[in-house]
Amino acid sequence: MSVLFILVPVSLLLAGGAVAVFVWSAARGQFEDLDTPPLRMLHDDEGLPQTRCIGGVDDVPSDSTQIKHSPE
Amino acid sequence: MSSLAVKASEACTHCGLPVPEEWMREPSGPNFCCAGCRAVYQAIHANGLEHYYEIRDAGAPTVGLSEVDAYDELDDEKFLDLYCSPDPTGAVRTRFHVEGLHCPACVWLLERAARNLPGVRDVRVDFGRSRLRVIWRPDEIAISEVARRFARLGYPVRPYKSSEQAAQVNREDRRMLVRIGVSGAVAGNVCLLAIALYSGAFQGIARDHENLFRWASLILSIPAVWFGGGVFFRGAWRGLLARTLPMDLPISLGISVGFLGGAYHTVRGFGDIYFDSVTALIFLLLIGRFLQRRQYRRALEAVEVLASVTPRRAKRVEANGVRVVLVESLAVGDEVEVGAGDVIPADGELCSGESHIDLSLLTGEARPVRVAEGAELLAGSTNLSSRFRMSVRATGDDTRIGRLLHLAQDQVRSPVVQLADRLAGWFVAVVLFLGVVTFALWSRFDPSRALDHTLALLVVSCPCALGLATPLAVAAALGKAARRGILIRSADLLDRLLEPGVVWFDKTGTLTESGLVLHAWLGADSTRERLAAVERQSQHPIAGALCRGVEGRSCAESVIETPGRGIRGVVGGVEVAAGKAAFVEEATGSDLPREWSEHVQAFLARGWSPVVVAEDGVVVAVAALGSPLRAGARSVIRDLKSRGWEVGILSGDAQGVVTRLGEALGISPDRCLGDVTPEQKLVQVRSEIESRPVVMIGDGVNDAAALAAASVGIAVQGGAEASLLSADAYLVEADIHGVLEAMDGARRAHRVIRKNVLFSVAYNFVGASLAMAGVLGPLSAAVLMPISSLIVITHSFRAHTFDPERNIAASPEESPRSRLAVGSLS
């Protein structure tokens, strides 16, 4: 029994993990805007709250409940 | 005797606007138009960032005060429904299009500027597409306040809605990206395993190791074929249902034959496996498709944003004053105030006041129309001179403009079969035929190798390069076109522009600018100054054209304007009367002298509006006003004709004006159609489209239906955003040279495609022959396949389809103005 029988499946599992991460990030729209994040990286942090939402500007949240109007 | 030279004023060092006289310092040093620009300039210098002025490509954005005040309508209750989508946290998301975004510092500034406002949860900028997303709470802050903050910084923002179509494209895009990722990972790993197998074939490999690698390749290939290759299987199936032989068919055939053959050999334990070729093929083809899609998507998005930007506003008259609301919340019966320069928000009837309106967008009529009480008003026209109130009769889709846009949406045209798809049909037939021949021949000579050789043939002639040939060339051409200011959003525009046919131009806004300018001035400069002093007191659009470019501080007294006829006043003791010939005749008490009336006739014959000027009862000057030709119109039409296109004008403007413009541009009179309604434009385009390609170029809503129905509709910048959505291409610059560039680009792109196709067919021919002869082994096929694709990829991206350096030099333009100055005036 060669070590290959363990290593090949292990390497395939690793590759599978990488693909899973890619699918996850692509589905969240992280590849939509490739221009701004490299610019944003250069900005100094000033202890401002971190952006919670990642993904494209055009993202539409999945649950499209009706918007509540503010009390007039 | 004429001097039309506008005195060149110094431009503001920061923003590029003219510097007012009282702000002028020394001509060489920095000069500013206002205190704001000077402050920004000083701030930039104080921080040692002067480099900004060297690297920027345009003047800094300027903020008008009106811009700052212009966001009241965003607080309308309807805004939430129309422009916001709910966020899971209970806040809402609104997207804005940002103007003036040009450097990383802008991103920094915008993202921080509004974050400390109460109620604003998050601000995020998409630099590449000039967009901004704000997450905010409607119960804590008014969005107009946020928008105003951006505008004050010099970044005017406009909310926009994205259509369901754009969201759909977006979702498909992500799915495509996932497919590429999966197929790429699979292809990489399978190729690694293949290297082990190939070296094992030369150097020897343990039997169980070889089996392990073969099985691993088989299992890895399954997701790539099933998930990544699904695109091609579905495409092939759809094509077969439509009774055509689509490009996807040979691809699917190659993939499935290669995969099934490989699987069969894996199970059997010997024979070649083709998994490396198959997965690399899927990966490369998907990338080609993705690049092409992305270019279309970019163009689609750019145009959509342009078209949906700006919620149009209306000033509704309510019990407690005038309130700014969204056009969408207007109802029939509302009373609306329309200020000078405003766009009329709904169809209706004028109820108090009078003004001039510009209908050119809707009808093509270039001259301002006078309206008084009771006049019918159409949404989309512009109020030119003074404020009035109107009562709303129809809104939204029920207005004339709404109906015209619906008419445009209903146009469908027959799809054009692309070159590669036409070839694909033949290709499939030939490959299948060769496969049968190979199998039959080898069965007779060596039955044990018949299946191997047939498989080798099918895999080597899998049209990888052929499949990449068109999408890549098209994607490269579209990307380059976009950089040249031509946004192409229709898949087959490039194919439709190849054969010459008919080009119809809209007149107002396309061949000519939509405003009025002074074409000719016969008279003394001093008269012109006095006339300008009088006209400065008038709101009439003609007055604006007469004042433009005239310096002078003299002031007119006792000005009396007779609407629709003329104006009179006293300047420095001289009594000036100007207007229509009849008005001046009345003012001077005598008929127009013959020499002047000849000039008036000459101007009328050119389609210009003459204005006669009298001083102290004597006629001293005649001015001619008209819409100026767009730069390059003449040379574009000449070039189009030399390429074999027939050129015509379809305009809603008066027949006489159109005929004379046609004469000036060298268009035959029977192709100069004036007084045409939008519906007639549509009929005209439809009547010819059966026999030859019809290109429609226009800018207004009145062209929208014709743009949509034509083989190729090209919208020109400066018109109504709404007409953009019905066009196949959009020229970002107000320069119809883009039409020629699009045609040249289409021809070059087509040449690239042809070369690509030719190469890949030649490759396939050689490969297939070798495979049939039994010469080509799996190793050489695996090497040949990516090389052929690489050649096609390089050729597509290096080809000069829409390159700036091959820009057609604009020939010196002989404008009617300069011609006249040389001819009749000297």
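Here, the structure is the one placed above.
Summarised in this report is the structure supplied together with it.

Thresholds applied
Residues numbered from 1 in each chain as written. Chains lettered and ligands numbered in written order. Predicted model: local features only at pLDDT ≥ 70, side-chain atom pairs only at ≥ 80, totals over all residues. Heavy atoms only, no water. Pairing = 2+ DSSP bridges. Helix = DSSP H or I, 4+ residues; strand = E, 2+ residues; numbered from the N terminus. Axes fitted to C-alpha atoms, helices over the stretch in contact; angles between N-to-C directions. Phe/Tyr/Trp six-rings, centres within 6.5 Å; stacked < 30°, edge-to-face > 60°. Buried < 20%, exposed > 50% of the residue type's maximum accessible area, 1.4 Å probe, protein only.

### Regarding the sheet that holds strand β18 (residues 556-562) of chain B
All names here are of chain B.
And step 1. Pairing is antiparallel in the open sheet, where six strands are placed in the order β17-β22-β21-β20-β19-β18. The outermost strands of the open sheet, each flanked by one partner alone, are β17 (517-522) and β18. With direction set aside, neighbouring strand axes in the sheet form an average angle of 20°.
And step 2. The pairing of strand β20 (residues 574-579) with strand β21 (residues 609-615) spans four bridges and is antiparallel. Each bridged residue has a counterpart across the sheet, and for G579 the counterpart in β21 is V612.

### A word on the packing of aromatic side chains
We describe a pair of aromatic rings using the distance from one ring centre to the other and the angle between the two ring planes.
Residue and element names in this part refer to chain B.
And step 1. One pass over the full model with this rule turns up three aromatic pairs over all chains.
And step 2. Both rings, one in F79 and one in Y83, keep their centres 5.2 Å apart while their planes meet at 20°; by these two values the pair is stacked. Of the two residues, F79 and Y83 both sit in helix α4 (residues 78-83), four residues apart, roughly one turn of that helix.
And step 3. When its relative accessible area of 5% is taken as the criterion, Y83 is described as buried.

### A few points about the pairing of strand β16 (residues 502-505) of chain B
Each regular strand carries side chains that alternate between the two faces of the sheet.
Residues and elements named next belong to chain B.
And step 1. Burial of the side chains of β16 extends over both faces: V502 and W504 are buried on one face and V503 and F505 on the other.
And step 2. Where β16 meets strand β23 (residues 646-650), four bridges bridge the pair, whose relative direction is parallel. By the bridge assignment for β23, F505 is matched with I649.
And step 3. Where β16 meets strand β25 (residues 694-698), four bridges bridge the pair, whose relative direction is parallel. Along β25, the bridge assignment pairs W504 with M696.

### Here we look at helix α6 (residues 143-152) of chain B
Residues and elements named next belong to chain B.
And step 1. Burial within α6 is extensive, with seven of its ten residues counted as buried.
And step 2. Along α6, the residues that are buried comprise I143, S144, V146, A147, R148, F150 and A151.
And step 3. One or two steps after α6, the chain reaches G154, where phi turns positive at roughly 100°.

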